[in-house]
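So the chains spell out like this:
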Amino acid sequence: MPTLLRKIGAIVFLTLFTACIEETKQEKENELEIAQKEISSICPKHILQNKNNNLNISILLDLSDRIEKGNQMEKDSAYLSSLAKAFISHVKTKRLLFLEDRMQLFFNPEPSNQKINEISEKLSIVFTKTSNKNSIEKSQTLYNKLPSQLYHLAKADAEKHKGYPGSDIWRFFEHDVKDYCIDDCHRNILVILTDGYMYHYKTVMENKGRTSFLTPKGLSRLKLNKPNWRDELEKKDLGFIPATTNLNDLEVLVIGISSDNESAYAQDVIEAYWYKWLLEMGVQESNIKIKNADIAKNMEKVIFDFVLNK
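What counts and how
- Residues numbered from 1 in each chain as written.
- Predicted model: local features only at pLDDT ≥ 70, side-chain atom pairs only at ≥ 80, totals over all residues.
- Heavy atoms only, no water.
- Helix = DSSP H or I, 4+ residues; strand = E, 2+ residues; numbered from the N terminus.
- Buried < 20%, exposed > 50% of the residue type's maximum accessible area, 1.4 Å probe, protein only.
- Contact = heavy atoms within 4.5 Å.
- Areas by Shrake-Rupley, 256 points an atom, 1.4 Å probe, with all protein chains shown as cover.
- Core = buried A, V, L, I, M, F, W, Y, C linked by side-chain atoms within 4.5 Å.
- Pairing = 2+ DSSP bridges.
- Right-handed = clockwise from strand over helix to strand, strands pointing away.
- Phe/Tyr/Trp six-rings, centres within 6.5 Å; stacked < 30°, edge-to-face > 60°.
- Disulfide = S-S within 2.5 Å.

Describing the overall build of the protein
Part 1 of the reasoning: Within the protein, the secondary structure is distributed over ten helices and nine strands.
Part 2 of the reasoning: Across the 310 residues in the protein, those meeting the buried criterion constitute 46%.
Part 3 of the reasoning: Counting contacts in the protein only where the partners sit at least 6 residues apart, residues at least 24 apart contribute 80% of the total.
Part 4 of the reasoning: Entry remark: accessible area of the protein is about 17,100 Å², with carbon and sulfur atoms responsible for 52%.

Topic: the nonpolar core
Part 1 of the reasoning: By size, the foremost hydrophobic cluster in this structure holds 42 residues, and its most contacted members are I59 and L61.
Part 2 of the reasoning: The element contributing the most residues to this core is helix α3 (residues 72-91), with nine residues.
Part 3 of the reasoning: Judged by nonpolar contacts, the second largest core, of 39 residues, contains F172, L190, I241 and I270.

Focus: the pairing of strand β1 (residues 55-61)
Part 1 of the reasoning: Buried residues dominate β1, accounting for seven of its seven residues.
Part 2 of the reasoning: A two-sided burial pattern is seen for β1, the buried positions comprising L55, I57, I59 and L61 on one face and N56, S58 and L60 on the other.
Part 3 of the reasoning: Note that β1 and strand β2 (residues 100-106) share five bridges and pair parallel. Residue pairing for β2: I57 is matched across the bridge by M103.
Part 4 of the reasoning: You can see the chain leave β1, run along α3 and come back into β2, and the turn it takes is right-handed.

Notes on the packing of aromatic side chains
Part 1 of the reasoning: Enumeration according to the criterion identifies eleven aromatic pairs in this entry.
Part 2 of the reasoning: When the centroid spacing of 5.5 Å and the interplanar angle of 90° are considered together, the rings of W274 and W277 count as edge-to-face. With W274 and W277 both in helix α9 (residues 266-280) and three residues apart, this pair spans about one turn of that helix.
Part 3 of the reasoning: Put simply, the rings of F106, F172, F173, Y180, F240, Y273, W274 and W277 touch in pairs and so form one group of aromatic residues.

Structural notes on the side chain of H90
Part 1 of the reasoning: When you line up the elements, H90 lands in helix α3.
Part 2 of the reasoning: With relative accessibility at 8%, the residue H90 sits in the buried group.
Part 3 of the reasoning: Look past the residues within four positions of H90 in its chain and what remains in contact with it is N53, L55, D101 and L308.

As for the state of the cysteines
Part 1 of the reasoning: For the coordinates displayed, the defined rule picks out one disulfide.
Part 2 of the reasoning: The side chain of C43 participates in a disulfide bridge whose partner is C185; the two sulfur atoms lie 1.9 Å from each other. Measuring the twist about the S-S bond at about -90°, one finds the C43-C185 disulfide to be left-handed. Placement of C43 in the loop between α1 (2-42) and α2 (45-48) and of C185 in the loop between α6 (169-181) and β4 (187-193) is noted, with a sequence separation of 142 residues between them. Exposure class is identical for C43 and C185. Each is buried.

Encoded structure:
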């Protein structure tokens, strides 16, 4: 009799366990269905079907004192022109009926010079099925000419105010990246032009080995100028404080990493900081590309490969 009861008990347990699994599976299927319906209600069917072919490119410009170094303004202008070229090359492969692509420019903080903001608006481009070929060609011309004007205005503004306001990249990720750079109906790409250092006087936070900033002096104090710097970085858990989470639907291309530090490892450390930061905020490793301030000709290939996903 006890054996029979044990068998009955086992059957009952197995039945309940199977029912729980089925219920959990059904719940997940229901959640997925609800999520798909929500996206479908936002995105028209023809747009949703071509989501990965609809580009949403956001460009974040670091208008700090980095633009004073060497020929950085010329390099950045060339990078922006290459981005436009890649974007327009993509647009031209699509039928007019399926156009749903955009490229926009951001700063943080917003420049006080209204002329810079006006240029930024001109460089924010949206192509839909109502666009015409002339507007597409005109966009490349704008990106060939206006970026250099923008940088000269930023430099003049800094001279007027006796210094650059800095670039608050950390706060941009905390407050703006999800609202401005991620759309359910598009393939989302964020391109950041920066030397890799981060500092803004209103965003100075520290938590043990983590910070919201990285400066040349701060990098020197870390004493990572040795071959085992990566081991030290992990052992001490050094890096940026994550500013947000769940950026799994975002691709990030960082261009312009450079270092004034004399250490042979300084640039590698800066890149490691960025990789760790982006990964911890949810960006997929395969969707991260970090490059130094290379000549424009070399960078154009990198930009094309990233944007066109070759």
